[in-house]
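# Results of the structural survey
Given next are the chains, with one letter for each unit.
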Amino acid sequence: MLEDFIQELPKAELHLHLEGTLEPEMLFELAARNKVALPYESIADVHDAYRFSSLQEFLDVYYRGASVLRTEQDFFDLTYAYLTRAAAQNIRHTEMFFDPQTHTERGVPFEIFFVGMREACQRARDEFGISTHLIMCFLRHLSAEQADQTLTDALPFAQDIIAVGLDSSEIGHPPEKFGEVFERAISLGFKTVAHAGEEAPADYIWGAINHLRVSRIDHGVSCSEDDDLLAHLVQTQLPLTMCPLSNLKLKVVDDLSNHNIASLYKLGLCVTVNSDDPAYFGGYLNENYAAISEALALKARDLAALAINSFEASFLKDEEKARYRNEITALLV
Ligand code: ADE
Ligand code: ZN
């Protein structure tokens, strides 16, 4: 029954890596199309390889997977497939990450991937009515100079990029490393977000707040370690885009019943539910809602509050946020 309610809920997704939506079937199709060798013989082999014990183990497999993406058509197909699934889950709005350096480092130019993704967003908006924003992430294991070059490469496309973000290997690459490039992005009119507190301690979340001037924290699991930070997050309502099934798969938590999303919600933080890299973590957005409702005994009104948060935390206009809030509230009466 709760499954039907989750399906019916209008939702926004705010933490979703487009490269993380590459399903094994498409991985094989694109590898054949582009004559890229894969270390897998079958879909079953792929599923075997998707057992991770840390973020880094996942990232190694994920970057290898992304190497089959070569042409504008590939990026169109990837993005359109995700948006088709998203619309079918009643996701009304999605703010998607992409990693330019994963592609430019392999010689795929910015306009190839960006134009493919942008065309798919337009097609999906026309066909399904889903709205989208694109967020360009810098890979934090690479240098600040490389991030700065990526920002320069993005300038011809800046009007279609709402924000810059920060992802990849967290520990050892604190937010401060990217303070200057984020300042430049802000001065150019981009909003900012950053992955912080996924595997690293709460200091990294403070770093993203103080040095990157973020509008949201992506993950933020480790905020529970720091009472001052919790008080700050309640007071400012700075959102956390949390990803329960991702955290389970990457061993950030040992069991979903120990995930802090429900306790943070009850404390009054603005937390949201997201799928991160659904092709790798065993579930899209509705599966994440269903998993936490079961593991953490969340009721329909809690899930509705989380869905309202997803719109509140988005980069949509206030009128659109209010429209979704009213639509969700009406489902509860
Ligand atoms: N890139 C894709 N998924 C990621 C995650 N969960 N953390 C950091 N970087 C990522
Ligand atoms: Zn992520």
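One can find the structure itself at the top, above this paragraph.
Examined against the element boundaries, His 259 turns out to sit in the loop between helix H12 (244-249) and helix H13 (261-267). The exposure class of His 259 is buried, given its relative accessible area of 4%. For His 259, the side chain forms a polar contact with the main-chain nitrogen of Ile 261, separated by 3.0 Å. Residue contacts for His 259: discarding those within four places in its chain leaves Met 242, Pro 244, Asn 247, Val 253 and Leu 296.

Donor atoms from the polypeptide that coordinate the zinc ion (ligand 2) comprise His 15 (NE2), His 17 (NE2), His 195 (NE2) and Asp 276 (OD), at 2.0 to 2.2 Å from the metal. Considering all 4 donor atoms around the zinc ion (ligand 2), the spread of angles at the metal, 83 to 175 degrees, places the coordination shape in the irregular class. Positions of the donor residues of the zinc ion (ligand 2) along the chain correspond to the pattern H-x1-H-x177-H-x80-D. You can see His 17 sitting in strand S1 (residues 11-17) and its partner Asp 276 sitting in the loop between strand S8 (271-273) and helix H14 (278-281), a full 259 residues away along the chain. Relative accessible area serves as the criterion here: at 4%, His 17 is assigned to the buried category. Look at Asp 276 and you get buried, because its relative accessible area is 3%.

Attention now goes to the site of ligand 1. All residues in the neighbourhood of ligand 1 are listed as His 17, Leu 55, Phe 58, Leu 59, Tyr 62, Asp 167, Ser 168, His 195, Glu 198, His 219, Asp 276 and Asp 277. His 219 has a polar side-chain atom sitting 3.5 Å from a nitrogen atom of ligand 1. In the environment of ligand 1, a nitrogen atom lies 2.6 Å from a nitrogen or oxygen atom belonging to the side chain of Asp 277. Relative to its unbound accessible surface of 260 Å², ligand 1 loses 100% to contact with the protein. Put simply, ligand 1 lies in the largest cavity. At 4 residues, the largest contribution of residues to the shell around ligand 1 is made by helix H4 (residues 55-66). When grouped by side-chain class, the residues that make up the shell around ligand 1 number 4 nonpolar, 4 polar and 4 charged.

Another aspect to go through is the sheet that holds strand S6 (residues 216-219). On the basis of which strands lie adjacent, the open sheet formed by 8 strands has the order S1-S2-S3-S4-S5-S6-S7-S8 and parallel pairing. Looking at the sheet topology across the chains shown, the edges are occupied by S1 and S8. Sheet twist, expressed as the average angle between the axes of neighbouring strands with direction ignored, equals 25 degrees. Here S6 pairs with strand S7 (residues 240-242) via 2 bridges, running parallel. In the sheet register, Ile 217 faces S7, and the bridge partner there is Leu 240. Helix-sheet contacts for helix H8 (residues 144-154) involve strand S3 (131-139) and strand S4 (163-167), and the interaxial angle to S3 is about 145 degrees.

Parameters and conventions
Residues numbered from 1 in each chain as written. Chains lettered and ligands numbered in written order. Predicted model: local features only at pLDDT ≥ 70, side-chain atom pairs only at ≥ 80, totals over all residues. Heavy atoms only, no water. Helix = DSSP H or I, 4+ residues; strand = E, 2+ residues; numbered from the N terminus. Buried < 20%, exposed > 50% of the residue type's maximum accessible area, 1.4 Å probe, protein only. Polar contact = N/O pair within 3.5 Å; in protein donor to acceptor, adjacent residues only side chain to side chain. Contact = heavy atoms within 4.5 Å. Donors = N, O, S within 2.8 Å, 3.2 Å for Na, K, Ca; no water. Tetrahedral: all angles 85-135°; square planar, octahedral: opposite > 155°, others 65-115°. Near = heavy atom within 4 Å. Areas by Shrake-Rupley, 256 points an atom, 1.4 Å probe, with all protein chains shown as cover. 1 Å grid on protein atoms, 1.4 Å probe; cavity = no way out; pocket = protein on both sides within 12 Å on 5 of 7 lines; lining within 4 Å. Sits in = over half its atoms within 2 Å of the grid points. Nonpolar A, V, L, I, M, F, W, Y, C, P; charged D, E, K, R; others polar. Pairing = 2+ DSSP bridges. Axes fitted to C-alpha atoms, helices over the stretch in contact; angles between N-to-C directions.

By themselves, these are just geometric observations and shouldn't be taken as functional.
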